[in-house]
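Coordinate analysis (summary)
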Amino acid sequence: MSTSMAYGLSLICYIISMICVGIWTFRDAKRRNLNANLWTTLAVLIPFCIGFIVYIAINPKQSSIQCSYCSSIMKKNVSRCPNCGAQMAVAKQTIAQPDPANKKFFVSYIVCVVGVAGFFVYGCVHFVNSIIY
């Protein structure tokens, strides 16, 4: 495998991982009633996954409630539903269940990051060997 092929494969893995980060961030931000477009753009465009790490750090998992009128999910400490304006005294508490789609995207993201690192290291080693020999 040539150096350019290793770098090409690492670029493809990086693009796939950024697509996975974008999809996961968009779905998660939408579920948390955050600005999904803004957070997805930041998570994908800030290099070296710093945007994704910032998203995770700033928006920790919170307990949430679901409005019994419009089924909107919001933070637990609000008094009225931001979507329909209903009093939260009649809201039911949601049970925190892991989303299997989030787990799949996270696993595929980790696989792509490992692939990027592996192809990049292979390309660097191959490049150094071509200079030495």
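What this report covers is the structure whose coordinates are included nearby. (Residues numbered from 1 in each chain as written. Predicted model: local features only at pLDDT ≥ 70, side-chain atom pairs only at ≥ 80, totals over all residues. Heavy atoms only, no water.)

**Observations concerning the environment of Ala117**
Looking at the secondary structure, you find Ala117 in helix 4 (residues 100-132). Taking relative accessible area as the criterion, Ala117 reaches 41% and is therefore assigned partly exposed. For the pair formed by Ala117 and Cys13, sequence separation is 104 residues and the distance between their alpha carbons is 9.2 Å. (Helix = DSSP H or I, 4+ residues; strand = E, 2+ residues; numbered from the N terminus. Buried < 20%, exposed > 50% of the residue type's maximum accessible area, 1.4 Å probe, protein only.)

**Brief notes about the nonpolar core**
Grouped together as the largest cluster of nonpolar side chains are ten residues: Met18, Val21, Trp24, Ala29, Ala36, Trp39, Ala43, Cys49, Phe52 and Tyr55. Taken together, the elements giving at least two residues each to this core come down to helix 1 (3-31), helix 2 (36-45) and helix 3 (50-58). Broken down by element, the residue count for this core peaks at four residues, all from helix 1. When residues no more than four places from it in sequence are discounted, the contact partners of Ala43 are Val21, Thr25, Gly51 and Phe52. Within the second largest apolar cluster, six residues are counted, among which are Ile65, Cys67, Met74 and Met88. (Core = buried A, V, L, I, M, F, W, Y, C linked by side-chain atoms within 4.5 Å. Contact = heavy atoms within 4.5 Å.)

From the geometry alone we can't say anything about function, so treat these as descriptive.
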